[in-house]
Amino acid sequence: MGDQVTGALQAAAEAIRNADRLALACHVGPDGDALGSMLGLGLAARNAGKEVVASFGTPFDVAPPLRFLPGLDLLVPPADFPEEPAVMVVFDCSSADRLGELGANAGKAGTLVVVDHHVSPDDFGHVALIDSTSASTGELVHALLGELGWPIDAGIAECLLTAIITDTGRFQYQATKPETLRIAARLMEAGAVPSKITQNVYEKTPFGYLKAAGAALERATLHPEEGVVATVLHEDDLEANGIDWGDTDNLIDLIRLAEEADVAVLAKVFRDGRIKLSMRSRGATDVGGLARALGGGGHRLAAGATLTGETPEEVIQKVVSMVEDYR
Ligand code: AMP
Ligand code: MN
Ligand code: MN
């Protein structure tokens, strides 16, 4: 952790310690890192006597695999979130627009603290605890709790270990460092049980997901020249099989198995015409840069963007034609 991050850690801890009330938010469509980081800090703050609310932008729905997380009772719908919070902390979120409608609340916050590990976040927040070398936001929250001197109980540990496990792909991605594993070990000692987390997140799914994934795999196309594998998942696929978008977060990990491709692309097509792209790279391609060029964001090896006004086939063709520029 560099000097700059250490300074930010102290500043973030001070802002949080001095607050009686904390308003917490994370990016829309929260993953394990966003939700686990936010709830982990929220539970610790509540234990420290703070009044805590936590939320995220519409659709206000926790993905089924994350519904085991402790601290879900801290969540309030975005409409009930304080309009002008005195102190607001945002997690795993690199720009105001990733907060959905809560971006407006962040704009009016007395003190806005950003806790994140994205590479090139927008310049937002009064206190920016940002470390792009961290594999997860959860590790930064762990450091923040250390700085605050707030105890980590079993529930908090479970939230933070979920954040770390999901963002490191169960410790398999390159961002995983020795310190990541040391923190995970400490969280286990505090009572978190990795097998409980992985069973909830990775080892169970509604049967309908198998059918929807089958449809998406059937449609997959390989672009061998450009090294891209791509497919499309339609909202109709979900409805036909009785599942939600939140059940499909691991589908990209099936697509990316194609060894011929450096880049895997999943285009999720919503009824309203929006297309949410999920992209992964084996290493040769900077999909984060590519996603930013499409108005999205993310990391070098995992990124996304939301587009409108084009068919999924057009969007995929666009990505295929762009990958060369990001190698
Ligand atoms: P996902 O494919 O949804 O798992 O997203 C992978 C990563 O890409 C996330 O961790 C985010 O950092 C980033 N990301 C996904 N969608 C967007 C978006 N619409 N705008 C900015 N960043 C995104
Ligand atoms: Mn995230
Ligand atoms: Mn993250």
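Rules and cut-offs
Residues numbered from 1 in each chain as written. Chains lettered and ligands numbered in written order. Predicted model: local features only at pLDDT ≥ 70, side-chain atom pairs only at ≥ 80, totals over all residues. Heavy atoms only, no water. Donors = N, O, S within 2.8 Å, 3.2 Å for Na, K, Ca; no water. Helix = DSSP H or I, 4+ residues; strand = E, 2+ residues; numbered from the N terminus. Buried < 20%, exposed > 50% of the residue type's maximum accessible area, 1.4 Å probe, protein only. Domains from an automatic or database assignment. Contact = heavy atoms within 4.5 Å. Buried area = accessible area lost by both parts, 1.4 Å probe. Salt bridge = Lys/Arg side-chain N within 4 Å of Asp/Glu carboxyl O. Polar contact = N/O pair within 3.5 Å; in protein donor to acceptor, adjacent residues only side chain to side chain. Nonpolar A, V, L, I, M, F, W, Y, C, P; charged D, E, K, R; others polar. Pairing = 2+ DSSP bridges. Axes fitted to C-alpha atoms, helices over the stretch in contact; angles between N-to-C directions.

## Thoughts on the coordination of the manganese ion (ligand 2)
Each protein donor to the manganese ion (ligand 2) is listed here as His-27 (NE2), Asp-31 (OD) and Asp-92 (OD); together their distances run 2.0 to 2.3 Å. Donor residues for the manganese ion (ligand 2), ordered by position in the chain, follow H-x3-D-x60-D. Metal-to-metal, the separation of the manganese ion (ligand 2) and the manganese ion (ligand 3) is 3.8 Å; Asp-92 coordinates the two. You can see His-27 sitting in the loop between strand S1 (21-26) and helix H2 (32-47) and its partner Asp-92 sitting in the loop between strand S3 (87-91) and helix H3 (102-108), a full 65 residues away along the chain. The exposure class assigned to Asp-92 is buried, which follows from its relative accessible area of 3%.

## Digging into the domain arrangement of the chain
A common measure of how large an interface is: the accessible area buried when the components associate. Domain boundaries assigned for the chain yield domain 1 (3-201) and domain 2 (207-326). Residue-level contacts link ten residues of domain 1 with eleven residues of domain 2. Across the domain 1/domain 2 interface, buried area totals approximately 840 Å², and carbon plus sulfur atoms make up 45% of it. Counting across the domain 1 and domain 2 interface gives zero salt bridges. Between domain 1 and domain 2 we count three residue pairs in polar contact (both at pLDDT 80 or more) in total. Looking at the side of domain 1 that touches domain 2 residue by residue, the classes come out as six nonpolar, four polar and no charged.

## Comments concerning the coordination of the manganese ion (ligand 3)
For the manganese ion (ligand 3), every protein donor is listed as Asp-33 (OD), Asp-92 (OD), His-117 (NE2) and Asp-167 (OD), and the spread of their distances is 2.1 to 2.2 Å. Among the residues examined, Asp-33 registers a relative accessible area of 0% and is labelled buried.

## Let's talk about the sheet that holds strand S7 (residues 228-234)
Read from one edge of the open sheet, six strands run S6-S7-S8-S9-S11-S10, paired in mixed fashion. Only two strands of the sheet have a single partner each, and these edge strands are strand S6 (221-223) and strand S10 (297-298). Here six bridges tie strand S9 (residues 275-281) to strand S11 (residues 302-307), and the two strands are oriented antiparallel to one another. Bridge pairing in S11 links Ile-275 to Leu-307. Against the sheet, helix H12 (residues 312-322) engages S6, S7, strand S8 (263-269), S9 and S11, with an angle of about 160° to S7.

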